[in-house]
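Architecture and fold: a report
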Amino acid sequence: MDNFPDGFFGSARLKTVRTEDGTIYRLTDASGTGIMTCYQIFPGISLIYNDFHMASCYCEAVLPSCCVELNHFREGRIEAEYGGRFCYLGEGDFICASKNTCCTASCFPLSHYHGISVILDFSRIGEGTCVLLSDFFNRYSRT
């Protein structure tokens, strides 16, 4: 998630701020504001904190075939279109998306939504990351 082309988020204005730790995307339209704070955890693995206080968000999202997006909804409510199907998700819900099922439109009926997304780009995950994660899971899965 480096750059978004003009119009990617419909009519919402996009402001991008790059920091030493990651990138902050701020969307603004007449209904409110949405902030996505993105961090690259390992090569090919990104973590995004999603904080939306707006009525809806349209995006031209198409995940590459080598990517998977995992979403956990912590607070609020989201009604989203995933691969032509509508999902109604609330606190504690989880959804996994791929190229054919990525989210293209979201509605926040409470104008309030907080959650996290993890993007796995298998074309960029190297052997070093796999070894590190394997060691982590081997160490902590025994408890």
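The structure this text deals with has already been given above.
None of the values given here were measured: they were computed from a predicted structure. (Residues numbered from 1 in each chain as written. Predicted model: local features only at pLDDT ≥ 70, side-chain atom pairs only at ≥ 80, totals over all residues. Heavy atoms only, no water.)

**Notes on the environment of Glu81**
The following threshold applies: Under the scheme used here, helices are H or I runs from DSSP no shorter than 4 residues and strands are E runs no shorter than 2 residues, and both carry numbers assigned from the N terminus.
Positionally, Glu81 belongs in strand 6 (residues 67-82). Linking Glu81 and Cys107, residues 26 residues apart in sequence, is a C-alpha distance of 8.9 Å.

**Regarding the pattern of salt bridges**
What counts, and what does not: For this analysis, a salt bridge means a side-chain nitrogen from Lys or Arg found within 4 Å of a carboxyl oxygen belonging to Asp or Glu. In this scheme, a residue with accessible area under 20% of its type's maximum is buried, one over 50% is exposed, and one in between is partly exposed, where area comes from a 1.4 Å probe on protein chains only.
Summed over all chains, the structure comprises two salt bridges. Across the pair Glu79 and Arg77 runs a salt bridge whose closest N-O atoms are separated by 3.5 Å. On the basis of relative accessibility, which here comes to 23%, the residue Glu79 falls in the partly exposed class. Taking the relative accessible area as the measure of exposure, Arg77 reaches 31% and is therefore partly exposed.

**Focus: a nonpolar patch on the surface**
Put simply, the rule is: Here, patches come from residues exposed beyond 30% relative accessible area and free of salt bridges, joined within 9 Å for like charges and within 5 Å for nonpolar side chains (Val, Leu, Ile, Met, Phe, Trp, Tyr). To measure how exposed things are, a 1.4 Å probe is used in the Shrake-Rupley method; for residues, cover is taken only from the protein chains shown.
Residues Phe136, Phe137 and Tyr140 make up a contiguous nonpolar surface patch of about 350 Å² in total accessible area. Among the secondary structure elements, Tyr140 is positioned in helix 1 (residues 127-140). Here Tyr140 falls in the partly exposed class, since its relative accessible area comes to 47%.

**Topic: the nonpolar core**
The condition that has to hold: Only buried Ala, Val, Leu, Ile, Met, Phe, Trp, Tyr and Cys residues count toward a nonpolar core, and they belong to the same one when joined by side-chain atoms within 4.5 Å.
Counting 20 residues, the largest nonpolar core has Phe52, Phe73, Ile78, Tyr82, Leu89 and Phe108 as its most contacted members. Every element with two or more residues in this core is listed here: strand 2 (23-29), strand 3 (32-42), strand 4 (45-53), strand 6, strand 7 (85-90), strand 8 (94-97) and strand 10 (113-121). Per element, the largest residue contribution to this core is four residues, and it comes from strand 6.

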